[in-house]
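What follows is the residue order along each chain.
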There are 2 protein chains.
Amino acid sequence: MTVTTPANVGETRGLPSLGPEATALLRLLDDTFESWGVAAGARPMTMPPLLPAADLARLDYYDNFPHQAVVAAPLDLERRESSAFCTDTGCFPCDALEPAALGLPSASCYAVYLDHQGQQVADDTLVTVCSWCFRKETHYEGMRRQLGFRMREIVAIGAREHAETHLTDFTARVQAFAEALDLPLRREAACDPFFDKGGSKALLQRLTPVKHEFLYEDLAIASVNTHRNFFGERCDITLTSSGGPAFTSCVAFGLERWLSALTRRHGSWEAATQAVLDANARTRADASVAAGPVI
Amino acid sequence: MTVTTPANVGETRGLPSLGPEATALLRLLDDTFESWGVAAGARPMTMPPLLPAADLARLDYYDNFPHQAVVAAPLDLERRESSAFCTDTGCFPCDALEPAALGLPSASCYAVYLDHQGQQVADDTLVTVCSWCFRKETHYEGMRRQLGFRMREIVAIGAREHAETHLTDFTARVQAFAEALDLPLRREAACDPFFDKGGSKALLQRLTPVKHEFLYEDLAIASVNTHRNFFGERCDITLTSSGGPAFTSCVAFGLERWLSALTRRHGSWEAATQAVLDANARTRADASVAAGPVI
């Protein structure tokens, strides 16, 4: 085992830096997942790095994940003569800040639903994005559990069947890729409190899981998620075909966690990188046999 | 002129989303600038998206740019029963937040100096990174003046001569690229209050500019900056050769601003993209003639 996780001071804060090998492998993985989305017809977009807290509140984010939430605010220079930084605590006291109107996203797809709010969409809309995401945790561990990390998502917005097929298709794709990588993954139902805790949708979620994770050992490195028409309703995204609220679902890849899993499995950055290159060549060849040459 | 800036609601907040054409062109530009760094020997790295406020304070950031500063904090769930979001203001009041221990970076290179703190470096160290940067402004304009934007930097750390040569080399490189792009750029001295306002270094800065910007019309799209041994001293980065503090300098590219300049100059995403591809082919060919084949 020649890999060590980045041994820099940022790691204990959940904010490590990545060296050249990790930077390149993360990019290769992200390009791979993005290309799956594009091949399926997704528009590659770039979402804002901060979102209005009011929008996230409207999506129940602060009710469902208050313990994970991180918000952003400018310094309040009217109330303070100086910048008010406290060297004893290493912090700005909260009364040195303006009210916080912006939130750091915890998942890449929130911004996609907000970007489509008030819009009519085709039944088979797909979007793919990669964003920095932020979750406060009780402890951090480099590449496995970070305060800031990157999440590539391929998001379906449209008809109910489109949202369902999206997850079926990409579940198969993730499993085929893992097999080509010789990376044993376990698929498990998981629970995200996306919906009102007491409501009928929460009951439905307990009966029919809305999230499945793909785990390497104990580490979830990808997930497929269905939200029914929750985001379609909250963001007023309607179908051009029927005028009804859009259904949404997403496939998410925790990119730093893929680095952790692949280096643990293959023993070095070089071997992990080669495994991804080989798996890409192999799965691309398989897709060509199944669907004709890829252009 | 077929280009419009992204007409989404995030634009007025300085946080627009980018569509597929802009996403692809930004990536092409970033790859181009990164490749210049790599060709010169830079290590491509990834820096944390948030930095300790204490570290930024130690670099005088909150003294020099308090009006631009944005900080991050978790919700204080001990003090509040609920998440305390105020729907009237669309904000979390500041007393609903924990003290802010983290800052959003305003430039990509701060993290690089902090990442090297306490280290000994070779005389000719080069690092390249691309990070989201954040600056509060009094108004925003899509792709020209954003609250959140991306900055590719190529950073020199090492001997005084290395830091100086870095800027000379990349000034020539930026100018040759601009010429190949048929993008008329003006080079102007600019002023950044990096150093104590009253100190001798500030006086020196007024006498010898430490920052030059490259402007298209009225828009600065790149800059070259020298910091003498300021960051070397503050971050205790020393030279292996002499044991003295490292000198630093950086070349910075405001990527969204390049999108603005190129689409304005060339009239469409397609033409702007083709111009970059052609310029890359041309400048690469010139480099081959000058330095032999590029491997």
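Cut-off values and rules
- Throughout, residues of each chain are indexed from 1 in the direction in which the sequence is written.
- Each chain is given a letter, starting from A, and each ligand a number, starting from 1, according to the order in which they appear as written.
- Local features in a predicted model are, by the rule used here, given only for residues with pLDDT of at least 70; side-chain atom pairs are given and counted only at 80 or more, and totals for whole chains, interfaces and linings are based on all residues.
- As a rule here, side-chain values cover all heavy atoms of the structure and leave hydrogens and water aside.
- The numbering of helices and of strands both runs from the N terminus, where a helix is a DSSP run of H or I of at least 4 residues and a strand a run of E of at least 2.
- Each residue is placed in one exposure class: buried if its accessible area under a 1.4 Å probe, protein chains only, is under 20% of its type's maximum, exposed if it is over 50%, and partly exposed if it falls in between.
- In this description, contact between two residues means that some pair of their heavy atoms is separated by no more than 4.5 Å.
- Here a polar contact is taken to be a pair of N or O atoms separated by no more than 3.5 Å, where protein atoms must pair a possible hydrogen donor with a possible acceptor and residues adjacent in sequence count only if both atoms sit in side chains.
- Angles run from 0 to 180 degrees between N-to-C directions of axes, and those axes are lines fitted to C-alpha atoms, restricted for helices to the stretch in contact.
- Oblique is the label for every angle not falling under 35 degrees (roughly parallel), over 145 degrees (roughly antiparallel), or within 65 to 115 degrees (roughly perpendicular).
- For any helix crossing, the convention is left-handed if the near helix is rotated counterclockwise from the far helix by under a right angle, and right-handed if that rotation is clockwise.
- Note that Gly is not counted as nonpolar here; it falls among the polar residues with everything else outside the nonpolar set of Ala, Val, Leu, Ile, Met, Phe, Trp, Tyr, Cys and Pro and the charged set of Asp, Glu, Lys and Arg.
- Two strands pair if DSSP finds at least two bridges between them.
- Centre distance within 6.5 Å is the pairing criterion for rings of Phe, Tyr and Trp, where only the six-membered ring of Trp is used; planes under 30 degrees apart are then read as stacked, over 60 as edge-to-face, and the remainder as tilted.
- Once two parts are brought into contact, the accessible area they lose, counted with a 1.4 Å probe and summed over both, makes up the buried area.
- One side-chain nitrogen of Lys or Arg within 4 Å of one carboxyl oxygen of Asp or Glu is enough to make a salt bridge.
- As a per-residue measure, pLDDT reflects the predictor's confidence and takes values from 0 up to 100.
- Least-squares superposition of the copies uses the C-alpha atoms of those residues scoring a pLDDT of at least 70 in each of them.
- Helix span, as expected, comes to 1.5 Å for every residue beyond the first.

Caption draft 1: Spotlight on the environment of B:Glu98. Examined against the element boundaries, B:Glu98 turns out to sit in the loop between strand 3 (70-74) and strand 4 (102-103). A relative accessible area of 24% means that B:Glu98 is categorised as partly exposed. Spatially, the C-alpha atom of B:Glu98 lies 34 Å from that of B:Phe253, the residues being 155 residues apart in sequence. Residue contacts for B:Glu98: discarding those within four places in its chain leaves A:Cys94, A:Lys136, B:Ala73, B:Pro74, B:Leu75 and B:Asp76. At a separation of 3.3 Å, a polar atom in the side chain of B:Glu98 contacts the side chain of A:Lys136.

Caption draft 2: Representation of the packing of helix 1 (residues 20-39) of chain A against helix 1 (residues 20-39) of chain B. Put simply, helix 1 of chain A and helix 1 of chain B touch, their axes get as near as 16 Å, and they point 160° apart. Classified by the interaxial angle, the pair formed by helix 1 of chain A and helix 1 of chain B is roughly antiparallel. The handedness of the crossing between helix 1 of chain A and helix 1 of chain B comes out as left-handed. Residues A:Arg27, A:Asp31 and A:Glu34 of helix 1 of chain A pack against B:Arg27, B:Asp31 and B:Glu34 of helix 1 of chain B. Looking at the contact of helix 1 of chain A with helix 1 of chain B residue by residue, the classes come out as no nonpolar, no polar and 6 charged.

Caption draft 3: Spotlight on the sheet that holds strand 10 (residues 219-226) of chain B. Residues and elements named next belong to chain B. Across the sheet, which stays open at both edges, the 7 strands sit in the order 1-6-7-12-10-9-8 with mixed pairing between neighbours. At either margin of the open sheet sits one strand with a lone partner, and together these are strand 1 (43-44) and strand 8 (186-190). Pairing of strand 10 with strand 12 (residues 247-254), which is carried by 5 bridges, proceeds in the antiparallel orientation. Across the sheet, residue Val224 finds its bridge partner in strand 12, namely Val251. Strand contacts of helix 5 (residues 160-180): strand 6 (124-134), strand 7 (148-158), strand 8, strand 9 (211-216), strand 10 and strand 12, with the helix running at about 20° to strand 12, the strand carrying the most contacts.

Caption draft 4: A look at the packing of aromatic side chains. On inspection of all chains with the given rule, the structure shows 32 aromatic pairs over all chains. Of the aromatic side chains, those joined through ring pairs into one cluster are A:Tyr61, A:Tyr62, A:Phe65, A:Tyr110, A:Tyr113, A:Phe230, A:Phe231, B:Phe85 and B:Phe92.

Caption draft 5: Layout of the interface of chain A and chain B. With 60 residues of chain A in contact, the opposing surface of chain B contributes 60 residues. Taken together, both faces of the contact between chain A and chain B bury some 4800 Å²; the carbon and sulfur share is 68%. Between the two partners, chain A and chain B, sit 4 salt bridges. The salt bridge partner of A:Asp31 is B:Arg27, with a shortest N-O separation of 2.8 Å. The interface formed by chain A and chain B includes 14 residue pairs in polar contact (both at pLDDT 80 or more). Put simply, the parts of the chain that give the side of chain A that touches chain B at least two residues each are helix 1, strand 1 (43-44), helix 2 (53-58), helix 3 (61-64), strand 3 (70-74), strand 6 (124-134) and strand 7 (148-158) of chain A. When its residues are assigned to classes, the side of chain A that touches chain B shows 38 nonpolar, 9 polar and 13 charged. The sheet contact formed by strand 3 of chain A and strand 3 of chain B spans 5 bridges and is antiparallel. Bridge pairing in strand 3 of chain B places A:Val70 opposite B:Pro74.

Caption draft 6: Quick peek at the confidence of the model for chain A. All names here are of chain A. Of the residues in chain A, 86% reach a pLDDT of 70 or more, and the chain-wide mean stands at 90. Within the model, pLDDT remains below 50 along residues 1-7, and this stretch shows 17 contacts once partners closer than five positions in the same chain are excluded. Both scores are given for the predicted complex: the pTM is 0.92, the ipTM 0.92.

Caption draft 7: How the structure looks around the environment of A:Ala220. All names here are of chain A. Mapped onto the elements of the fold, Ala220 is located in strand 10 (residues 219-226). Residues Ala220 and Thr138, 82 residues apart in the sequence, show an inter-C-alpha distance of 18 Å. Not counting residues within four places of it along the chain, the set of residues in contact with Ala220 comprises Glu213, Phe214, Leu215 and Arg257.

Caption draft 8: Local environment of the sheet that holds strand 2 (residues 51-52) of chain B. Taking strand neighbours across the sheet as the criterion, the 6 strands line up as 2(A)-4(A)-3(A)-3(B)-4(B)-2(B) in an open arrangement whose pairing is antiparallel. Edge positions in the sheet fall to strand 2 (51-52) of chain A together with strand 2 of chain B, since each of these pairs with one other strand and no more. Sheet topology note: the strand 2 of chain B/strand 4 of chain B ladder contains 2 bridges and is antiparallel. Bridging across to strand 4 of chain B, B:Leu51 finds its partner in B:Gly103.

Caption draft 9: Seen up close, the packing of helix 1 of chain A against helix 8 (residues 255-266) of chain A. All names here are of chain A. Where helix 1 contacts helix 8, the axes come no closer than 10 Å and their chain directions differ by 115°. Considering their axes alone, helix 1 and helix 8 lie roughly perpendicular with respect to each other. The way helix 1 lies across helix 8 gives a crossing that is right-handed. Between helix 1 and helix 8, the residues in contact are Ala22, Leu25, Leu26, Leu29, Asp30 and Phe33 and Leu255, Glu256, Trp258, Leu259 and Leu262, respectively. Taken together, the residues of the contact of helix 1 with helix 8 sort by class into 9 nonpolar, no polar and 2 charged.

Caption draft 10: Region of the structure containing the relation of the copies chain A and chain B. Laying chain A over chain B is done by rotating through 180° and shifting 0.0 Å along the axis; what remains is an RMSD of 0.0 Å. This pairing of chains is accounted for by a two-fold axis. Within chain A, the C-alpha atom positioned nearest to the axis of rotation is that of A:Ala72, 2.2 Å from it. Both copies contact each other with a shared surface, as 100% of the interface residues of chain A are interface residues in chain B too.

Caption draft 11: Representation of helix 1 of chain A. All names here are of chain A. Its 20 residues place the ends of helix 1 28 Å apart at the C-alpha level, agreeing with the 28 Å of an ideal helix rising 1.5 Å per residue. Of the positions making up helix 1, those classed as buried are Ala22, Thr23, Leu25, Leu26, Leu28, Leu29, Asp30, Thr32, Phe33, Glu34, Trp36 and Gly37. Looking at the residues trailing helix 1, positive phi occurs at Gly41, about 105°.

Caption draft 12: Here's a closer look at the pattern of salt bridges. In the structure shown here, the tally under the stated rule is 28 salt bridges over all chains. Note that A:Glu34 is salt-bridged to A:Arg152, the shortest N-O span being 3.8 Å. Here A:Glu34, found in helix 1, pairs with A:Arg152, found in strand 7; they are 118 residues apart in sequence, far enough to count as distant. Here A:Glu34 and A:Arg152 have matching classes, each one buried. Across the salt bridge formed by B:Arg152 and B:Asp30, the nearest N and O atoms sit 2.6 Å from each other. One end of the pair, B:Arg152, is in strand 7; the other, B:Asp30, is in helix 1, with 122 residues separating them in the sequence. Residues B:Arg152 and B:Asp30 agree in their burial class; the two are buried. A cluster of three or more residues bridged by salt bridges with shared partners is formed by A:Arg27, A:Asp31, B:Arg27 and B:Asp31.

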